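Residue strings, one per chain:
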Amino acid sequence: MLDGLKDWIDRFRAGGEDEGRSPQRSRRTAQRQPTSVPRPSSALREFFESIRDQMGLNIVDFSGACQANVTFITGLGHRLYAESFPHAVETIFGSDASPISMRNPEKIGNFLQYSLNFEPQSVDAILLWDSLEWLEPDAQRAVVGRIFEVLRPNGVLFAVFHSENSATDVPVHYFKLLDPETLSVADTGTDRPHRQFTNRSIEKLFERCQSVKFFLSRDNLREVIVRR
Amino acid sequence: MSMWSSRQRGRDEEPAPPYTPPAAEPMRERLVVATPAPTPNTVYASNGPAMVGKAVVVKGEIHSREDLYIDGEIQGTVELMESKLTIGPNGRIQAAVRAREVVVFGNVQGNVEALEKMEIRKDARLVGDIRTARIVIEDGAYFKGNIDILKPEPKPAPKPATPSPAASASSSPEGSQNSPAKSASVGEQGNARVAEPVRGGKS
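Residues numbered from 1 in each chain as written. Chains lettered and ligands numbered in written order. Predicted model: local features only at pLDDT ≥ 70, side-chain atom pairs only at ≥ 80, totals over all residues. Heavy atoms only, no water.

K.L.:
What exactly am I supposed to notice about the overall build of chain B here?
P.N.:
Each helix and strand in chain B was counted, giving seven helices and 11 strands. Scored against the burial criterion, the 203 residues of chain B give a buried share of 27%. Restricting the contact set of chain B to residue pairs at least 6 apart, pairs at least 24 apart contribute 4%. Counting every atom, chain B has about 14,200 Å² of accessible surface; 56% of that belongs to carbon and sulfur. (Helix = DSSP H or I, 4+ residues; strand = E, 2+ residues; numbered from the N terminus. Buried < 20%, exposed > 50% of the residue type's maximum accessible area, 1.4 Å probe, protein only. Contact = heavy atoms within 4.5 Å. Areas by Shrake-Rupley, 256 points an atom, 1.4 Å probe, with all protein chains shown as cover.)

See the structure below:
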């Protein structure tokens, strides 16, 4: 009985839901003890090369409140806006985040208002992580469209996509910045993305932007730097 | 009516016994009854921070010069520019907060300015913008908003060296009182008692 309760708490902390309430999120399995692995990141290096020589930039981090990221970005003299993308998804689209809910234009509008409510061209850089994978295509396009509006010209965005092309579950990651070239990636469980991306589909998604640069790695993650 | 009449009858039938004053109790026993032993809570209340309990709702402004612990509900503004504000796990704040130091265990909706340090503890929830010199966010806390790190104010430039006794002796008393350096230093100190003789010297 106690083990069952502990499992549920672990799952809840890892971002999962009670299986009885949420058929969609019940697919997400949580690791009992998330393992954090540092990995070098060429895309991160390029991201920080874009922002390191300036001060007072507006940077949005969608990993939520994370001490490492807050310390790192504010330590560079920038202003940080912290938002938890999974929390925003759950708040607006419901705990099950069902495809039907994510296709509802009104809810998509509410989501943009809730999580990307910035002045046009007021954001200098965005750490989007793997957020887009957990959205339905309609919501993805709306989010990318709003990002294009709020990001200043030549602004930079860092995103991550899984490289598997099969429709299987993929690890759910939690990213932390260790230094300008190293990420800490913790696997908090597995889940099935709403959409699998190819390089072509990513390019098409960001087709209004200046450039989309891919960085392949050994751990089935594609890092992408998008320049507005 | 019937009770009244029965009492009347009782008094008529059985006269009340004569009053006998109670025997005087020893002084020590009276003291024990009148002043209960202090509990840990009373010690905390007298020495610890001021406290807003979890059943308390305040709508308006709170200004405090001592540390404050809020476990209740506040709507309005909270200002403790010289002190530490702790928002307990049951605390629900919908307010603009300004304090020297802020520690959040509960729920805050509003902008927070912590001059020295801000802590958002595990399971806390804060929606609003933060301006602070240092910030600590524990894993498990929820935060949505801007973080502005306040730069430490530059130290004031060293004051000009005080004139040597020889230099002051060589100049006239009026001249030394009216010199810009002297009046500036008085102004920086903001001490009215020092400034008054200067004005008196001029007249």
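After presenting the structure, the write-up continues.
K.L.:
Quick question: what am I supposed to make of the interface of chain A and chain B here?
P.N.:
By a frequent convention, interface size equals the accessible area lost on bringing the separate parts together. Taken together, the contact between chain A and chain B spans 16 residues of the former and 16 residues of the latter. The tally of links from chain A across to chain B stands at three salt bridges. The residue B:Asp139 makes a salt bridge to A:Lys176 at a minimum N-O spacing of 3.8 Å. Where chain A touches chain B, the interface holds 10 residue pairs in polar contact (both at pLDDT 80 or more). Those elements that place two or more of their residues in the side of chain A that touches chain B are helix H3 (67-75), strand E3 (79-82) and helix H6 (105-115) of chain A. It is E3(A) that provides the largest number of residues to the side of chain A that touches chain B, a total of four residues. Its residues assigned to classes, the side of chain A that touches chain B comprises six nonpolar, six polar and four charged. (Salt bridge = Lys/Arg side-chain N within 4 Å of Asp/Glu carboxyl O. Polar contact = N/O pair within 3.5 Å; in protein donor to acceptor, adjacent residues only side chain to side chain. Nonpolar A, V, L, I, M, F, W, Y, C, P; charged D, E, K, R; others polar.)

K.L.:
What exactly am I supposed to notice about the pairing of strand E11 (residues 142-149) of chain B here?
P.N.:
Regular strands place side chains that alternate from one sheet face to the opposite one. In terms of burial, E11(B) is a largely internal element, seven of the eight residues being buried. Pairing analysis gives three bridges linking E3(A) to E11(B), with the strands arranged antiparallel. Within E11(B), the residue paired with A:Ala82 across the bridge is B:Gly145. In the sheet, strand E8 (residues 125-127) of chain B pairs with E11(B) via three bridges, with the strands oriented parallel. Across the sheet, B:Arg125 pairs through a bridge with B:Tyr142, a residue of E11(B). (Pairing = 2+ DSSP bridges.)

K.L.:
How do you make sense of the confidence of the model for chain B when you look at a structure like this?
P.N.:
Detailed reading of predicted coordinates is not advised where the pLDDT is low. All names here are of chain B. Here chain B shows a mean pLDDT of 69. Residues at 70 or above account for 51%. Confidence scores differ between elements of chain B, with helix H7 (residues 192-202) showing the lowest mean pLDDT of 33 and strand E6 (residues 107-109) the highest of 96. Of the regions scoring below 50 in pLDDT, residues 1-13 engages in zero contacts with residues more than four places distant in sequence or in other chains. Note that residues 163-203 has pLDDT below 50 and, in this model, 12 contacts with residues that lie over four places away or in other chains. (pLDDT = per-residue confidence, 0-100.)

K.L.:
Help me understand the confidence of the model for chain A in this model?
P.N.:
All names here are of chain A. Confidence along chain A averages 81 in pLDDT terms, with 83% of residues attaining 70 or more. Per-element mean pLDDT across chain A ranges from 42 in helix H1 (residues 2-13) up to 94 in strand E4 (residues 123-129). This model gives residues 1-26 a pLDDT under 50, and the stretch forms 31 contacts once residues within four places in sequence are excluded.

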